[in-house]
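One-letter residues, chain by chain:
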Amino acid sequence: MADLDDFTAWFEQNNGFIDKEYMGFTVFSPEEGGRGAVALKDIPEGHTLFTIPRTLTLSTRTSELPHAFGLEAWKSANLHQGWAGLILCMMWEEAKGQASKWGPYLASLPSRFDTPVFWSDEDLTLLEGTTVVGKLGREDAERTYNEIIVPALQSHPELFSAEAAEKYYTLTQYHLMGSRILSRSFDVERWEGEGDDEENEAANTSRDMDVDEPEPQGEAAPASAEDAVEEEEEEDPSDVAMVPVADLLNARFECENAKLFYEEKVLKMISTKPIKAGEQIWNTYGDLPNSELLRRYGHVDLLPLPNGKKGNPGDVVELPANIVAAVVTEKLGTSQATAEERIDWWLEEGGDDVYVLDNDLEIPPTLASFAKLIGLSPEDWKKAKGKGKPPKAIMDQSMVEILREVLRRRLQQYPTSEVEDEKALEGELPLNARHATVVRLGEKRILSGILSNLKDVTKRKRDEEERSGQKGKKSRK
Ligand SMILES: C[S@@+](CC[C@H](N)C(=O)[O-])C[C@H]1O[C@@H](n2cnc3c(N)ncnc32)[C@H](O)[C@@H]1O
């Protein structure tokens, strides 16, 4: 790992600690994450693998740029919001080269990504039907670059020279730094009691890998994906930090065997399970679905599933409420105006406009409830409104028919079928096409799995009815 030698030497010279007796860095196959960490001997649970001084993390708190720029000016330039400030810090540090405190670290970071934000328009069509394309944020990033970064560069020529601008402060570099943050940053909260001074208030959000404060025994339960989502909403932008060495760990669905914990002065990567010599040391990225893994990290998880196929058990598919409303209005003849009035009420009451279906293959009760609401008779609609409560849905034949049509329509949003995707994956495919096909297929399997469960419900009901009909006949004899 010659390319990491300079970096790890720098890390150790700056008071970072790596337990080289127990772990080393290596290059795994691309499917296993490429560069990553490996156990050199059996590692017991609770073992500290490496320690990072907080001062070695790179954030808007630790870079000198916000001070050099002027903290008031930093805020007025809106660099304290979003990722713009951290991206500018990373560009500035990289422009300083080896004169930067983080020079060898920045030089070790990847300069190309397989994430869809860098895909051609042609490749992006392969993700049609998935929600990845709508979440890329390319235009938002471009707007932030033009409206925040460019004026900031122009306002401080003494910090950002014209020659450096062409190489280090371009839109391409902005996207690159954004992708580095998205795929490698940690959420490093201040230590309780740390000053809440002005420079601590600069920056934005990421939320990728978790940092936990050790429980008294030095262990903590891994944060769940739901925790991650909740925390994301409350995240302090200046907590977003690049954490050298910790960001060399790969992750795979439910394989986590090490996790980052924080202390007052240092962050510690600690094994959360025994790890056998030769095994990969895995962190967690929150056991995300493949759509999110691809969008944020540029890879997908493919694990053996109980049905003998391969996929990501954490996959999900998003179902927009407008498909449900369209099917109900068509099937039950509800007018457009009526449907719109009820949708507005539903949203005002805090109902969802997108339903997330997962590998449990269950219809979320709120989805059925929403379908029922759109199809209510005027009297029942009045009652529901009066009570301030959406109706409870019963899985009767009409509801099953509606839901089946909803799922069929959602499936039609993908340009290819499940069978075609499965076939395509048996052959050779370029990387982006392979990744897109895996994402599409995972989503379609959820939709078709729920569809066939609904068929079962209908069949079971019919069988039951037939059986009770026959019983009735027998008893009349
Ligand atoms: C936090 S970094 C981990 C270190 C990274 N392998 C490196 O070489 O710097 C995250 C990146 O590692 C890769 N990666 C992590 N886990 C992976 C996995 N299970 N399969 C494939 N690639 C993975 C992806 O490229 C991802 O963007």
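Structural notes, computed from the coordinates. For clarity, every value in this text was computed on a predicted model and none was experimentally measured.

1. Thoughts on the side chain of Arg180
Here is step 1: Tracing the sequence through the fold places Arg180 in helix α9 (residues 171-184).
Here is step 2: Arg180 gets classed as buried once you look at its relative accessible area, which sits at 1%.
Here is step 3: Excluding residues within four positions of it along the chain, Arg180 makes contact with Met90, Glu94, Leu106, Leu109, Pro110, Ser111, Phe113, Ser185 and Met242.

2. Comments concerning the site of the ligand
Here is step 1: Neighbouring residues of the ligand: 16 residues in total, closest Gly33, Arg35, Asn250, Ala251 and Tyr297.
Here is step 2: Within the backbone of Arg35, an N or O atom sits 2.7 Å from a nitrogen atom of the ligand.
Here is step 3: Separating a nitrogen atom of the ligand from a side-chain N or O atom of Asn250 is a distance of 2.8 Å.
Here is step 4: Against a free-state accessible area of 560 Å², the protein chains account for coverage of 89% of the ligand.
Here is step 5: When the residues that make up the shell around the ligand are grouped by side-chain class, the tally is 7 nonpolar, 4 polar and 5 charged.

3. Re the side chain of Ser59
Here is step 1: Structurally, Ser59 is set in the loop between β4 (48-53) and α2 (65-69).
Here is step 2: Within the local environment of Ser59, its side chain forms a polar contact with the backbone nitrogen of Arg61, the two atoms lying 3.0 Å apart.
Here is step 3: Discounting residues that sit within four places of it in the chain, Ser59 has contacts with Leu86, Ser238, Val240 and Ala241.

4. Overview of empty space enclosed by the protein
Here is step 1: Within this structure, the stated rule accounts for 2 cavities of 30 Å³ or more.
Here is step 2: Of the volumes computed, that of the largest cavity is approximately 60 Å³.
Here is step 3: What lines the largest cavity is Ala251, Arg252, Phe253, Thr284, Tyr285, Asp287, Leu288, Leu293, His299 and Asp301.
Here is step 4: Taken together, the residues that form the lining of the largest cavity break down as 5 nonpolar, 2 polar and 3 charged.

5. Some details on unusual backbone geometry
Here is step 1: Its identity as a non-glycine residue notwithstanding, Asn78 has a phi of 65°, on the positive side.
Here is step 2: Mapped onto the fold, Asn78 is located in the loop between α3 (71-76) and α4 (84-95).
Here is step 3: The class of Asn78 is partly exposed, set by a relative accessible area of 33%.
Here is step 4: With a phi close to 50°, Asp287 is a non-glycine residue in the positive phi region.
Here is step 5: Relative to the helices and strands, Asp287 is located in the loop between β11 (280-283) and α11 (290-297).

6. Structural notes on the environment of Ile149
Here is step 1: Looking at the element boundaries, Ile149 is found in helix α7 (residues 138-155).
Here is step 2: What makes Ile149 buried here is its relative accessible area of 0%.
Here is step 3: Sequence-distant contacts of Ile149, defined by excluding residues within four places in its chain, comprise Leu79, Ala84, Leu88, Thr144 and Tyr174.

7. With respect to the layout of surface pockets
Here is step 1: There is about 1,500 Å³ of room inside the largest pocket.
Here is step 2: Breaking the lining of the largest pocket down by element, the ones donating at least two residues are α9, β8 (250-251), α11, β13 (310-311), α17 (418-426) and α18 (431-476).
Here is step 3: Element by element, the count of residues in the lining of the largest pocket is highest for α18, at 9 residues.
Here is step 4: Residues belonging to the lining of the largest pocket are distributed by class as follows: 20 nonpolar, 14 polar and 15 charged.
Here is step 5: In terms of domain composition, the lining of the largest pocket takes at least three residues from each of domain 1 (2-294) and domain 2 (316-470).

8. Things to note about the packing of helix α12 (residues 321-332) against helix α14 (residues 365-375)
Here is step 1: Put simply, α12 and α14 touch, their axes get as near as 9 Å, and they point 40° apart. On the basis of their axis angle, the class for α12 and α14 is oblique. Crossing geometry of α12 relative to α14 is assigned as right-handed. Each of Ala321, Val324, Ala325, Val328, Thr329 and Leu332 in α12 lies in contact with α14, whose residues at this interface are Leu367, Phe370, Ala371, Ile374 and Gly375.
Here is step 2: Classifying every residue of the contact of α12 with α14 gives 9 nonpolar, 2 polar and no charged.

9. Things to note about the pattern of salt bridges
Here is step 1: Taken as a whole and judged by the stated rule, the model has 24 salt bridges.
Here is step 2: Its salt-bridge partner being Glu21, residue Lys41 comes within 2.7 Å of it at the nearest N-O pair. Placement of Lys41 in the loop between β3 (35-39) and β4 and of Glu21 in the loop between β1 (17-18) and β2 (23-27) is noted, with a sequence separation of 20 residues between them.
Here is step 3: Given a relative accessible area of 31%, Lys41 falls into the partly exposed group.
Here is step 4: A relative accessible area of 48% places Glu21 in the partly exposed class.
Here is step 5: The closest approach of N and O atoms between Arg445 and Glu422, which form a salt bridge, is 3.1 Å. In this pair, Arg445 sits in helix α18 while Glu422 sits in helix α17, placing the two residues 23 residues apart along the sequence.

10. Topic: the nonpolar core
Here is step 1: Counting 65 residues, the largest nonpolar core has Phe50 and Leu88 as its most contacted members.
Here is step 2: Of all the elements, α4 adds the most residues to this core, at 8 residues.
Here is step 3: Setting aside residues no more than four positions away along its own chain, Leu88 makes contact with Leu65, Trp74, Leu79, Ile149, Ala152, Leu153, Phe160 and Tyr169.
Here is step 4: Formed by 35 residues, the second largest nonpolar core is a distinct cluster that contains Val328, Trp346, Phe370 and Ala371.

About the thresholds
Residues numbered from 1 in each chain as written. Predicted model: local features only at pLDDT ≥ 70, side-chain atom pairs only at ≥ 80, totals over all residues. Heavy atoms only, no water. Helix = DSSP H or I, 4+ residues; strand = E, 2+ residues; numbered from the N terminus. Buried < 20%, exposed > 50% of the residue type's maximum accessible area, 1.4 Å probe, protein only. Contact = heavy atoms within 4.5 Å. Near = heavy atom within 4 Å. Polar contact = N/O pair within 3.5 Å; in protein donor to acceptor, adjacent residues only side chain to side chain. Areas by Shrake-Rupley, 256 points an atom, 1.4 Å probe, with all protein chains shown as cover. Nonpolar A, V, L, I, M, F, W, Y, C, P; charged D, E, K, R; others polar. 1 Å grid on protein atoms, 1.4 Å probe; cavity = no way out; pocket = protein on both sides within 12 Å on 5 of 7 lines; lining within 4 Å. Points joined across faces, edges and corners; volume = space filled by probe spheres on them. Domains from an automatic or database assignment. Axes fitted to C-alpha atoms, helices over the stretch in contact; angles between N-to-C directions. Parallel < 35°, antiparallel > 145°, perpendicular 65-115°, else oblique. Left-handed = near helix turned anticlockwise from the far one by under 90°. Salt bridge = Lys/Arg side-chain N within 4 Å of Asp/Glu carboxyl O. Core = buried A, V, L, I, M, F, W, Y, C linked by side-chain atoms within 4.5 Å.

Nothing here speaks to function; it is geometry throughout.
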